[in-house]
Amino acid sequence: MTSRPAVFIDRDGTLTDEVGYVNHPSRLRLLPRSAEAIRRLNAAGVAAVVVTNQAGIARGYFSEKLLHEIHDVLRAQLAAAGARLDGLYACVHHPSEGEPPYRVQCDCRKPQAGLLVRAAADLGLDLTRSTLVGDKASDLVPARTVGAGAVLVLTGYGRGEWEYRRARFEPEPDHVAGDLLDAVEWALARRVAA
Ligand SMILES: [Mg+2]
Ligand SMILES: [Zn+2]
């Protein structure tokens, strides 16, 4: 089976509203054009994979069980809009906060690339034809590690990061998009062909 490209999507501030810790399903809100963005990927045969740091679990703010419930709600909201995620990967660790097993120097907390590597193995993805979309510089670092494209969105923390911290913004994005749908359109046009 030939491997297919993916668009890796940060959750908070990119797919959903950035509201701080989502410690209750009621705090989860899709951004206005997110479902349409996922539908485009579904139609194009490009894997839609969420990759999210959820250190609130390591910090004891909410449980892994609640995270799964929140992600069930996320999938249901997308399904109601005809959109489907191919994967949803979360790092629940922190290097110095909380208790073991969550307090650990893991390989999956962004800016590390472990979530992408795991998804690629599970789903048969071609990372070099893939694109990573996020609203912070630290989201985009794993793209450089695995040879994927990197797109900054101006939703969530993105606009502030880009306007006020641009001189120190590292890595330089391959593209800056207004939102996830713009990012997906760029990825489909520029990264997936061939
Ligand atoms: Mg974010
Ligand atoms: Zn981790």
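Just above, that's the structure.
Note on numbering: residues in each chain are counted from 1, in written sequence order. Written order determines the labels here, with chains lettered from A and ligands numbered from 1. Selection of residues for local features in this predicted model requires a pLDDT of at least 70, selection of side-chain atom pairs for listing and counting requires 80 or more, and totals for whole chains, interfaces and linings are taken over all residues. To obtain the side-chain values, all non-hydrogen atoms of the structure were used and water was disregarded.

Visitor: I tried to follow the coordination of the zinc ion (ligand 2) on my own but got confused; where do I start?
Guide: Distances define the donors: N, O and S atoms within 2.8 Å of the metal qualify, as do those within 3.2 Å of Na, K or Ca. Water is excluded, so some sites may look unfinished. At this site the zinc ion (ligand 2) is bound by C91 (SG), H93 (ND1), C106 (SG) and C108 (SG), with donor distances of 2.1 to 2.3 Å. One way to put it: the 4 donor atoms around the zinc ion (ligand 2) meet at angles of 102 to 116°, and that makes the site tetrahedral. Donor residues binding the zinc ion (ligand 2) come from one chain and are separated in sequence as C-x1-H-x12-C-x1-C. Tetrahedral means four donors with every angle between 85 and 135 degrees, whereas square planar (four donors) and octahedral (six donors) require angles over 155 degrees between opposite donors and between 65 and 115 for all others; sites fitting neither are termed irregular.

Visitor: Can you help me understand the pattern of salt bridges in this one?
Guide: Side chains that carry opposite charge are capable of pairing whenever their charged atoms lie near each other. Here, a salt bridge means any Lys or Arg side-chain nitrogen found within 4 Å of an Asp or Glu carboxyl oxygen. Applying the stated criterion to the full structure yields 15 salt bridges. A salt bridge links R84 to D86; its shortest N-O distance comes to 2.9 Å. For D139, the salt bridge is made with K110, and the minimal N-O distance between the two is 2.9 Å. In this pair, D139 sits in helix α4 (residues 137-146) while K110 sits in the loop between β3 (87-91) and α3 (114-123), placing the two residues 29 residues apart along the sequence. Comparing D139 with K110, the two get one shared label, buried. Linked by salt bridges that have partners in common, R4, R84 and D86 make up one network. Strands here are runs of E lasting at least two residues and helices are runs of H or I lasting at least four, both read from the DSSP assignment and numbered beginning at the N terminus. Burial status follows relative accessibility: with a 1.4 Å probe on protein chains alone, a residue under 20% of its type maximum counts as buried, one over 50% as exposed, and anything between as partly exposed.

Visitor: Looking at this model, I keep getting lost on the layout of surface pockets. Mind explaining?
Guide: A cavity here means a set of points on a 1 Å grid, drawn over the protein atoms and nothing else, where a 1.4 Å probe fits but cannot get out; a pocket is an open set with protein on both sides within 12 Å along at least five of seven lines, and a residue lines either one if it has an atom within 4 Å of a point. Grid points are joined across faces, edges and corners, and a volume is the space filled by probe spheres set on the points. Estimated volume of the largest pocket: approximately 430 Å³. Lining the largest pocket are 18 residues, with D12, E18, Y21, N53 and K136 positioned closest to its centre. For the lining of the largest pocket, the secondary-structure elements that each account for two or more residues are β2 (47-53) and α4. Under the scheme applied here, ten amino acids are nonpolar (Ala, Val, Leu, Ile, Met, Phe, Trp, Tyr, Cys and Pro), four are charged (Asp, Glu, Lys and Arg), and all others, including Gly, are polar. Along the lines of polarity and charge, the residues of the lining of the largest pocket split into 3 nonpolar, 6 polar and 9 charged.

Visitor: What exactly am I supposed to notice about the sheet that holds β3 here?
Guide: Sheet strands line up and pair through hydrogen bonds in the backbone, either parallel or antiparallel. At least two DSSP bridges between two strands are required for those strands to pair. Taken in spatial order, the 6 strands line up as β3-β2-β1-β4-β5-β6 in an open sheet, and their pairing is parallel. Unpaired on one side and paired on the other, β3 and β6 (175-177) mark the two borders of the sheet. In this sheet, neighbouring strand axes are inclined to one another by 25° on average, regardless of whether the strands run parallel or antiparallel. Note: strand β5 (residues 149-153) against β6, 3 bridges, orientation parallel. For V153, the partnering residue across the bridge sits in β6 and is A177. Between the N-to-C directions of two axes lies an angle of 0 to 180 degrees, each axis being a line fitted to C-alpha atoms and, for a helix, fitted only over the stretch in contact.

Visitor: Quick question: what am I supposed to make of the coordination of the magnesium ion (ligand 1) here?
Guide: Tetrahedral coordination by four donors puts the ideal angle at the metal at 109.5 degrees, and octahedral coordination by six puts it at 90 or 180 degrees. Within the protein, D10 (OD), D12 (O) and D135 (OD) serve as the donor atoms for the magnesium ion (ligand 1), at 2.1 to 2.2 Å. Mapped onto the sequence, the donors of the magnesium ion (ligand 1) take the spacing D-x1-D-x122-D. With D12 in the loop between β1 (6-9) and α1 (34-44) and D135 in the loop between β4 (131-134) and α4, this residue pair connects regions lying 123 residues apart in the sequence. The exposure classification of D12 matches that of D135, with both residues buried.

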